[in-house]
Amino acid sequence: MILARLALRNLLRQQRRTALTLMVVVAGFLALSLAGGFMAQTFQGLSDAAIRGGLGHLQVMPPGALEGDEAQSLEKALPEGEALAQRLRQDPAVAEVLPRTQFMGLLSNGPRSVAFLGTAVDPVLEPKYMACAEALQNGALTKGGVGSHWLSGDPAAREVILGTGLARALDASVGSSLTLMSTTREGALNAVDVEVAGLQDLGLRELNDRFLTVSLGTADQLLDSAQARSRLSVMLKRPQDTAMEQARLQGLLPGTSVKPWFELASFYRQVKLLYFAIFGFMGLVLFLVVLLATANTLLMSVMERVREFGVLRAMGLQPRQLLVLLQWEGAFLGFLGSALGLLATLLLRAGLNALHVQMPAPPGSSHGYELFIHFVPWVYLLVALGLQLTIQVSALFPGLKAARLRIVEALRHV
Amino acid sequence: MLEFRAITRAYELGGERAGVFGVSLTVPKGCLAVLAGPSGSGKTTLLQLAGLLDTPDEGEVRLAGELVSSLPEKARCDLRLRRLGFVFQAFNLVPVLSALENVMLPLQLQGRPEAEARERAEAALARVGLADRRHHHPGQLSGGQQQRTAIARALAPEPLLVLADEPTASLDHAHGGPLLDLMAELAQERGATFLVASHDPSVIARAHTVFRLLDGKLVEVG
């Protein structure tokens, strides 16, 4: 402990230099922890968008559903999808099961027809678990979207919600009558007249140009699908158990493929990798700055205390104990810097979140979002440990220099 | 107590060969011995060899009968910590520690509990007349007080041998004399051996044994 006390006193002796070094450590901590909070917001937003965008926590699908395209409607489907959904709803870990049918075809206003990608959903369950309302609200603000509402729960209702681009292509607005055309499971051409219930803005232009949503009843009539469903989106009671429940449900449902949302959300994975690369590089640069700053401080401290080290060595201090002394100085710098950095992070985070800063729309998205820096203790811990390690490494060279001093020369040092 | 046997330690100084050459001498236990001689006569070199701060080119250094000059560095560190004390010309107290903490330092480095170290350090400071200055830092002490603190620091671990390099050179006569009297008293009182390098006549006058050196050779023992 005497070495620790000596280290602390030495840092306090050079207050200005110590303060400057601490500022570098604090700045490093602040930058990395705020970046971590921002990344957490982004990942949270993307995972919410993926889960509530239709994937659910888990998706049950036929094996091989993700390989190749369908030659005709519901070729790759769960033949007894509705019954399977009913069975899954009895599972204690499952909050709800949302059956979905995916199909494609042509949408016509008479003189003009446009190809579409359709999803059929349960009009009652879907708004409870999925992010339908936001897309509809945004769609209502576009031309022809006034009066947009969600699909009717009436099984006899034949309604459609169009992507804004698709509506524009057909000059359709809320209340317009259109015709959906596709092939049945048996390959026969079929058509259903539908009324536009609303327009939806899904945030991506490519989706808005092609995407439409109908009720399962409408799709059943169009595709003659009976009980068949393309996918079952499973909402879990405990989302944090997704990986574990995926393995368990896969065991319970032979002949199906159960996939967690993060395996299916390729955009989420790509953004995550990109962010890790960007912030990893930024972290590397910051750690390097901290390393150089603390190494400089400790080296200057060693050069100023050559005679003192000579005296300590003459008194019997082992060379490795001088190394430990410098490591203690580094440890105090790291600990104090991280503690102050954490305080600064929490204050700045609170300030930034209170400002409700609007961020620009990300690439490919049609609207921005509000900045919210998340509170992420594990990131703070990781940054503190990383900085501590960096400073300990930076203390090695000055420490070795001190340990290698020849005592008689150190005692003569002026 | 301390024995040099045919010690040679040579080095280049300003293009000339300096050091000590074939010196043999014995310092008896409990005495105040002085290495006397002009600058460059080899006093400090012998003191550094006695303090295991340097190794001889030839010859042996024995402490309490044990050959210590060829020990590995770790063992030398341990010997310095437990059996040797140092007093330097420039005092060399650790500036960030108080007088009391400076005296406690070698005791704590020995691994003694803080309470014991404090008790012994307070006693050592009281013995050199600095009980009321124990919480002062070196910058707040006069030269004489700093040197007395250094003596307390050297003596607190109860070493066999205290090595002092020109301990009065940074002090005026009024402070140097009492300091030497104190060292002589302590040598007698504690049975500790003092080996002092000095060319100060007042130091030589108080010595029990004087080893006179000239150009790195022992020329007189008195």
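What counts and what doesn't
Residues numbered from 1 in each chain as written. Chains lettered and ligands numbered in written order. Predicted model: local features only at pLDDT ≥ 70, side-chain atom pairs only at ≥ 80, totals over all residues. Helix = DSSP H or I, 4+ residues; strand = E, 2+ residues; numbered from the N terminus. Rg over C-alpha atoms; globule rule 2.2 N^0.38 Å. Buried ≥ 20, exposed ≤ 12 C-beta atoms within 10 Å, placed from the backbone. Contact = placed C-beta atoms within 7 Å. Pairing = 2+ DSSP bridges. Axes fitted to C-alpha atoms, helices over the stretch in contact; angles between N-to-C directions. Parallel < 35°, antiparallel > 145°, perpendicular 65-115°, else oblique. Left-handed = near helix turned anticlockwise from the far one by under 90°. pLDDT = per-residue confidence, 0-100. Core = buried A, V, L, I, M, F, W, Y, C linked by C-beta atoms within 7 Å. Domains from an automatic or database assignment. Expected span 1.5 Å × (residues − 1). Nonpolar A, V, L, I, M, F, W, Y, C, P; charged D, E, K, R; others polar.

Participant: Please explain the overall build of chain B as it appears in this structure.
Facilitator: In terms of regular secondary structure, chain B is built from 7 helices and 10 strands. Taken over the C-alpha trace, chain B has a radius of gyration of 17 Å; the compact-globule value for 222 residues is 17 Å, and the two agree within 12%. Principal-axis analysis of the C-alpha atoms gives chain B an extent of 45 × 40 × 35 Å. Put simply, chain B has 222 residues, and 49% of those count as buried.

Participant: Would you mind showing me how to read the overall build of chain A here?
Facilitator: Each helix and strand in chain A was counted, giving 15 helices and 11 strands. Taken over the C-alpha trace, chain A has a radius of gyration of 31 Å; the compact-globule value for 414 residues is 22 Å, which it surpasses by more than 25%. Taken over the C-alpha atoms alone, chain A extends approximately 100 × 45 × 30 Å along its principal axes. When the 414 residues of chain A are sorted by exposure, 41% land in the buried category. Restricting to contacts in chain A with at least 6 residues of sequence separation, those with at least 24 account for 80%.

Participant: Help me understand the pairing of strand E2 (residues 16-27) of chain B, please; the structure alone is not making it clear to me.
Facilitator: As judged from the 9 bridges shared by strand E1 (residues 2-13) of chain B and E2(B), these two strands associate in the antiparallel manner. Of the residues in E2(B), the one forming a bridge with Tyr11(B) is Ala18(B).

Participant: Explain the packing of helix H1 (residues 2-13) of chain A against helix H13 (residues 319-355) of chain A here, please?
Facilitator: Helix packing geometry: the angle between the two helix axes and the distance between the axes. Residue and element names in this part refer to chain A. Remark: H1 packs on H13, axes separated minimally by 8 Å, with the N-to-C direction vectors making an angle of 55°. By the angle between their directions, the pair H1 and H13 is classed as oblique. The handedness of the crossing between H1 and H13 comes out as right-handed. Where H1 abuts H13, its residues Leu3, Ala4, Leu6, Ala7, Leu8, Asn10 and Leu11 lie against Gln321, Val324, Leu325, Trp328, Glu329, Phe332 and Leu333.

Participant: Sorry if this is basic, but what is going on with the interface of chain B and chain A here?
Facilitator: Interface size is commonly expressed as the accessible surface area that is lost when the partners come together. Each side of the interface is counted separately: chain B has 18 residues, and chain A has 14 residues. Within the residue set of the side of chain B that touches chain A, elements represented by two or more residues are helix H2 (73-83) and helix H3 (99-109) of chain B. With 5 residues, the single largest contributor to the side of chain B that touches chain A is H2(B).

Participant: Would you mind showing me how to read the sheet that holds strand E10 (residues 217-221) of chain B here?
Facilitator: The strands making up a sheet associate through hydrogen bonds between their backbones, and the pairing can be parallel or antiparallel. All names here are of chain B. Spatial strand order, E6-E7-E8-E3-E9-E10: 6 strands in an open sheet with mixed pairing. In this open sheet, the two edge strands, each paired with only one partner strand, are strand E6 (84-87) and E10. When the angles between neighbouring strand axes are averaged without regard to direction, this sheet yields 20°. Summarising the sheet, strand E9 (residues 209-214) and E10 pair through 4 bridges and their orientation is antiparallel. Across the sheet, the residue bridging to Leu214 is Lys217, located in E10. Across the sheet, helix H1 (residues 43-50) lies against strand E3 (32-36), strand E7 (161-165), strand E8 (193-197) and E9, angled at about 145° from E8, the strand it touches most.

Participant: Mind showing me how you'd approach the confidence of the model for chain B here?
Facilitator: Atomic detail in the predicted coordinates should be set aside for any region of low pLDDT. Overall, the prediction assigns chain B a mean pLDDT of 89, with 100% of residues at 70 or greater. The element-level mean pLDDT for chain B is lowest in helix H6 (residues 173-190) of chain B, coming to 76, with H3(B) highest at 94.

Participant: What's the story with the nonpolar core in this structure? I'm lost.
Facilitator: What tends to happen in soluble globular proteins is that the nonpolar side chains get buried as a cluster. Grouped together as the largest cluster of nonpolar side chains are 109 residues, with contacts concentrated most on Phe194(B) and Leu195(B). Ranked by residue count, the leading element in this core is helix H14 (residues 377-403) of chain A, at 8 residues. Residues within four places of Phe194(B) in sequence aside, it is in contact with Leu32(B), Ala33(B), Val162(B), Ala164(B), Met183(B) and Ala187(B). In terms of nonpolar packing, the next biggest core, distinct from the first, is built from 50 residues, Ala120(A), Ala172(A), Val174(A) and Leu180(A) among them.

Participant: Explain the domain arrangement of chain A here, please?
Facilitator: By the assigned domains, chain A splits into domain 1 (2-50 + 268-412) and domain 2 (63-255). The C-alpha centroid of domain 2 of chain A is placed 50 Å from the C-alpha centroid of domain 1 of chain A.

Participant: I tried to follow the sheet that holds strand E4 (residues 58-63) of chain B on my own but got confused; where do I start?
Facilitator: Residue and element names in this part refer to chain B. If you walk across this open sheet you meet the 4 strands as E2-E1-E4-E5, and the pairing is antiparallel. A single partner strand is all that each edge strand has here, and the edge strands are E2 and strand E5 (66-67). Along the sheet, H1 makes contact with E1, E2 and E4, crossing E1 at roughly 125°.

Participant: What should I look at first to understand helix H2 (residues 15-55) of chain A in this one?
Facilitator: Owing to its 3.6 residues per turn, the α-helix aligns residues three or four sequence positions apart on the same side. End to end, H2(A) covers 56 Å across 41 residues, agreeing with the expected 60 Å (1.5 Å per residue, within 8%). Within two residues after H2(A), Gly56(A) carries a phi angle of roughly 70°, on the positive side.

Participant: Please clarify how the pairing of E6(B) should be interpreted in this entry.
Facilitator: A regular strand carries its side chains on alternate faces of the sheet. Residues and elements named next belong to chain B. Both faces of E6 are covered, namely the face carrying Leu84 and Phe86 and the face carrying Gly85 and Val87. Strand direction decides the pairing type here: E6 and E7, joined by 4 bridges, are parallel. Considered in E7, the bridge of Phe86 is made with Leu163.

Participant: Would you take a moment to explain unusual backbone geometry for this structure?
Facilitator: Leaving glycine aside, a negative phi is the common case for residues, and trans is the common case for peptide bonds. Residues and elements named next belong to chain B. Here Ala6, not a glycine, exhibits a phi torsion of approximately 50°, which is positive. On the secondary structure map, Ala6 appears in strand E1. Although it is not a glycine, Glu158 adopts a positive phi angle of roughly 55°. Classification of Glu158 by C-beta neighbours within 10 Å gives partly exposed; the count is 14.

Participant: What's the story with the environment of Lys143(A) in this structure? I'm lost.
Facilitator: Residues and elements named next belong to chain A. The topology assignment puts Lys143 in the loop between helix H5 (132-140) and strand E4 (159-163). For Lys143, a count of 11 C-beta atoms within 10 Å corresponds to the exposed category. For the pair Lys143 and Pro123, spaced 20 residues apart in sequence, the C-alpha separation works out to 24 Å.

Participant: Got a minute to help me understand the packing of H2(A) against helix H11 (residues 266-304) of chain A in this structure?
Facilitator: Residues and elements named next belong to chain A. Direction vectors running N to C along H2 and H11 enclose 175°, while the axes themselves pass 10 Å from each other. Classified by the interaxial angle, the pair formed by H2 and H11 is roughly antiparallel. Of the residues contributing to the contact of H2 with H11, the split by class is 19 nonpolar, 7 polar and 2 charged.

Participant: What is the right way to look at the environment of Glu370(A) in this model?
Facilitator: All names here are of chain A. Along the chain, Glu370 turns up in strand E11 (residues 369-370). Each C-alpha atom, one on Glu370 and one on Gln358, is 4.5 Å from the other, the two residues being 12 residues apart in sequence. Contacts of Glu370, omitting those with residues within four sequence positions, involve His356, Val357 and Gln358.

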